[in-house]
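Per-entry structural report
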Amino acid sequence: GNMRLILCERQDLAEPEVTVAYREMTTSVQRVSDYVRYVDQTILCKKDNEECGVLINDIFYLESVDKKVFVYCEKEVYGSNYKLYELEELLSQAGFVRVSKSVVLNVEKLTGIKTLVNSKLEAKLSNGESVCVTRKYLKDIRSELLRRNKG
């Protein structure tokens, strides 16, 4: 059956509160709860030398280029002072997974993985971009996808 959404305005709440009631844990329930958990969490980034918080759920992937880490959203790109492995650890619970030596990907934004001629792999993202995937990391991606698609 379909998921029902019940919105209820309450003056006694200091902050929004989300209750997810379910009979069994399904993919949809898991995705909703993961989304809620990270919906307003941000990581500190830089754009034009100004610091700003970027919503974790808006991030498509992180890439390390010449020891600098860049944060790619749908259209914007930010700089970061974190190291790639630090962000990978920080965001692993939010469905981010390493796909190559220099890229950590948000599995939520993945629409498919394509095998290219030279046995290289390419991850297609929901904003039309694609990122190279190293075979070595394929099982990590698969297990993250399976973890998110249980049910």
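Okay, so let's go over this structure.

Calculation criteria
- Residues numbered from 1 in each chain as written.
- Predicted model: local features only at pLDDT ≥ 70, side-chain atom pairs only at ≥ 80, totals over all residues.
- Heavy atoms only, no water.
- 1 Å grid on protein atoms, 1.4 Å probe; cavity = no way out; pocket = protein on both sides within 12 Å on 5 of 7 lines; lining within 4 Å.
- Points joined across faces, edges and corners; volume = space filled by probe spheres on them.
- Nonpolar A, V, L, I, M, F, W, Y, C, P; charged D, E, K, R; others polar.
- Helix = DSSP H or I, 4+ residues; strand = E, 2+ residues; numbered from the N terminus.
- Buried < 20%, exposed > 50% of the residue type's maximum accessible area, 1.4 Å probe, protein only.
- Contact = heavy atoms within 4.5 Å.
- Pairing = 2+ DSSP bridges.
- Axes fitted to C-alpha atoms, helices over the stretch in contact; angles between N-to-C directions.

**Structural notes on the layout of surface pockets**
- Counted as a void, the largest pocket has a volume near 910 Å³.
- Lining of the largest pocket is provided by 23 residues; of these, Arg4, Ile6, Thr19, Val20 and Ala21 occupy positions nearest its centre.
- Of the residues belonging to the lining of the largest pocket, the class tally is 14 nonpolar, five polar and four charged.
- A volume near 180 Å³ is recorded for the second largest pocket.
- Along its surface, the second largest pocket is lined by Ser64, Lys67, Lys68, Val69, Ser80, Asn81, Tyr82, Lys83, Leu84, Tyr85, Arg98 and Lys101.
- When grouped by side-chain class, the residues that make up the lining of the second largest pocket number four nonpolar, three polar and five charged.

**Describing the environment of glutamate 63**
- Assignment of secondary structure puts glutamate 63 in strand β3 (residues 61-65).
- Overall, glutamate 63 belongs to the partly exposed group, its relative accessible area being 22%.
- The spatial distance from the C-alpha of glutamate 63 to the C-alpha of lysine 139 is 20 Å, given a sequence separation of 76 residues.
- Discounting residues that sit within four places of it in the chain, glutamate 63 has contacts with Lys68, Val69, Phe70, Tyr72, Leu84, Ser102 and Val103.

**Comments concerning the pairing of strand β4 (residues 68-72)**
- Note: β3 against β4, five bridges, orientation antiparallel. Bridging across to β4, serine 64 finds its partner in valine 69.
- Linking β3 back to β4 in an antiparallel pair, the connection comprises two residues, with aspartate 66 at a positive phi of about 45°.
- One ladder, built from four bridges, connects β4 with strand β5 (residues 77-80); its direction is antiparallel. Across the sheet, valine 71 pairs through a bridge with tyrosine 78, a residue of β5.
- Counting the residues between successive antiparallel strands, the hairpin from β4 to β5 contains four residues.

**Here's the deal with the side chain of glutamate 122**
- Structurally, the position occupied by glutamate 122 is in strand β9 (residues 121-125).
- Once you skip the residues sitting within four places of it in the chain, glutamate 122 turns out to touch Gly112, Ile113, Lys114, Leu116, Ser130, Val131 and Val133.

**Points about the sheet that holds strand β10 (residues 130-133)**
- In spatial order, the strands read β8-β9-β10; together these three strands make up an open sheet with antiparallel pairing. The strands lining the two open edges of the sheet, one partner per strand, are β8 (110-115) and β10. For this sheet, the mean inter-axis angle between neighbouring strands, taken without regard to orientation, is 25°.
- Pairing analysis gives four bridges linking β9 to β10, with the strands arranged antiparallel. Bridge assignment links lysine 124 to a residue of β10, and that residue is serine 130.
- Running at roughly 145° to β8, helix α3 (residues 138-148) makes contact with β8, β9 and β10 of the sheet.

The quantities given are spatial measurements derived from coordinates; they are silent on function.
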